[in-house]
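Tertiary structure, described
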Amino acid sequence: AQTVTQSQPEMSVQEAETVTLSCTYDTSESDYYLFWYKQPPSRQMILVIRQEAYKQQNATENRFSVNFQKAAKSFSLKISDSQLGDAAMYFCAYRFSGGGADGLTFGKGTHLIIQP
Amino acid sequence: NAGVMQNPRHLVRRRGQEARLRCSPVKGHSHVYWYRQLPEEGLKFMVYLQKENIIDESGMPKERFSAEFPKEGPSILRIQQVVRGDSAAYFCASSLKPGLAVNEQFFGPGTRLTVL
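Since we're looking at a predicted model, the values are computed, not measured. (Residues numbered from 1 in each chain as written. Chains lettered and ligands numbered in written order. Predicted model: local features only at pLDDT ≥ 70, side-chain atom pairs only at ≥ 80, totals over all residues. Heavy atoms only, no water.)

Our focus in this paragraph is the packing of aromatic side chains. Enumeration over the complete set of coordinates arrives at 14 aromatic pairs over all chains. Aromatic side chains Tyr37(A) and Phe106(A) sit 5.7 Å apart centroid to centroid with 55° between the ring planes, which places their arrangement in the tilted category. Within this pair, whereas Tyr37(A) is found in strand S5 (residues 32–39), its partner Phe106(A) is found in strand S11 (residues 105–106), the two being separated by 69 residues in sequence. When its relative accessible area of 7% is taken as the criterion, Phe106(A) is described as buried. Note on Tyr33(B) and Tyr48(B): the rings are 4.7 Å apart at their centroids and 10° apart in plane angle, and the pair reads as stacked. You can see Tyr33(B) sitting in strand S4 (residues 31–37) and its partner Tyr48(B) sitting in strand S5 (residues 43–50), a full 15 residues away along the chain. Ring pairs connect the aromatic residues Phe35(A), Tyr37(A), Phe91(A), Phe106(A), Tyr35(B), Phe45(B) and Phe107(B), which therefore count as one cluster. (Phe/Tyr/Trp six-rings, centres within 6.5 Å; stacked < 30°, edge-to-face > 60°. Helix = DSSP H or I, 4+ residues; strand = E, 2+ residues; numbered from the N terminus. Buried < 20%, exposed > 50% of the residue type's maximum accessible area, 1.4 Å probe, protein only.)

Put into structure tokens, the structure is as follows:
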């Protein structure tokens, strides 16, 4: 079974600084997708960024980028120029790309605090 | 465009009662997923349904829980004879077509179930 591990229960960063959230995963599959979701206090799950395992290039979405290390099974999220609105729980998630098994496997989350 | 709708947003039940959670997917989406989030935890996959079919229920407890996604109307997650351990946030997500390269799941706002 796949597992996703987020080893940082809480991270704190000064506004405008850069922060990196860690995620490792375990799978025997070679083709899969990885995601970072944000959950603000409203509890709405918001997709931040996604990565296809077959792509070597790291995904980037504005201030958000990932460092995907397939051999190490590592998928960290970097947030540049942190803003107060980035404060939230961040969940790393995995999904096998094969058919019939579309459920996401989530880590336990990292609570990100932005210090003004 | 309306996103995924879930109702009720908050549901209080006494032990032994039944809980019915509803999910209306994004218009045009025919794939629905249910997840459960216990306090201080990440989301856990429960079940994946297409219209009138259960595709993957590997995360669903064997007893008291059932799910359906009829041809017409919302998807329903039903919990019979609720116990205090069922208290959690239940999230529904929908997607267009799992065969796409990246099958993005759009999440609803969740239903917070409290069992007294």
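After that view of the structure, there is still more to cover.
Here the focus is the interface of chain A and chain B. Between chain A and chain B, the residue contacts involve 21 residues of the former and 25 residues of the latter. Summed over both sides, the interface between chain A and chain B buries roughly 1800 Å², with carbon and sulfur atoms accounting for 49% of that surface. One can count two salt bridges joining chain A with chain B. A salt bridge links Glu41(B) to Lys108(A), with the shortest nitrogen-to-oxygen separation between them at 3.7 Å. (Contact = heavy atoms within 4.5 Å. Buried area = accessible area lost by both parts, 1.4 Å probe. Salt bridge = Lys/Arg side-chain N within 4 Å of Asp/Glu carboxyl O.)

Turning our attention to the sheet that holds strand S1 (residues 5–7) of chain B. All names here are of chain B. Read across the open sheet, the four strands follow the order S1-S3-S8-S7; overall the sheet is antiparallel. The outermost strands of the open sheet, each flanked by one partner alone, are S1 and strand S7 (65–68). Between one strand axis and the next, the sheet turns through 15° on average, direction left out of account. Pairing between S7 and strand S8 (residues 75–79): four bridges, direction antiparallel. Note that in S8 the partner of Ala67 across the bridge is Leu77. (Pairing = 2+ DSSP bridges. Axes fitted to C-alpha atoms, helices over the stretch in contact; angles between N-to-C directions.)

Okay, the pattern of salt bridges next. All names here are of chain A. One pass over the full model with this rule turns up nine salt bridges over all chains. We note a salt bridge from Lys73 to Asp26, for which the minimum N-O separation is 3.7 Å. Pair noted here: Lys73 is in the loop between strand S8 (64–69) and strand S9 (74–79) and Asp26 is in strand S4 (residues 24–26), with a separation of 47 residues, a long-range link. On the accessibility criterion, Lys73 (26% relative accessible area) is partly exposed. By relative accessible area, which is 40% here, Asp26 ends up partly exposed.

Let us now look at the pairing of strand S9 (residues 88–95) of chain B. Residue and element names in this part refer to chain B. In terms of burial, S9 is largely enclosed, as eight of its eight residues are buried. Note that S4 and S9 share seven bridges and pair antiparallel. Among the inter-strand pairings, Arg36 is bridged to a residue of S9, identified as Tyr90. When S9 meets strand S11 (residues 111–115), the two strands line up antiparallel, connected through three bridges. Opposite Ala88, over in S11, you have Leu113 as the bridge partner. When S9 meets strand S10 (residues 106–107), the two strands line up antiparallel, connected through two bridges. Paired with Ala93 across the strands is Phe107, a residue of S10.

Turning our attention to the environment of Arg15(B). Residues and elements named next belong to chain B. Structurally, Arg15 can be placed in the loop between strand S2 (10–13) and strand S3 (19–24). As a C-alpha pair, Arg15 and Leu116 span 101 residues in sequence and 6.2 Å in three-dimensional space. Residues within four places of Arg15 in sequence aside, it is in contact with Val82, Val83, Arg84, Val115 and Leu116.

Formed by 25 residues in total, the largest nonpolar core has its most connected members in Tyr25(A), Trp36(A), Phe75(A), Leu77(A), Tyr90(A) and Leu112(A). The set of elements that each furnish at least two residues to this core consists of strand S3 (19–21), S5, strand S6 (46–52), S8, S9, strand S10 (88–96) and strand S12 (110–115) of chain A. Ranked by residue count, the leading element in this core is S10(A), at four residues. Those residues in contact with Tyr90(A), other than ones at most four positions away along the chain, are Gln6(A), Leu21(A), Trp36(A), Tyr37(A), Lys38(A), Val48(A), Phe64(A), Leu77(A), Ile79(A), Gly109(A), Thr110(A) and Leu112(A). Counting 23 residues, the second largest nonpolar core, distinct from the first, contains Ala19(B), Leu21(B), Met60(B) and Leu113(B). (Core = buried A, V, L, I, M, F, W, Y, C linked by side-chain atoms within 4.5 Å.)

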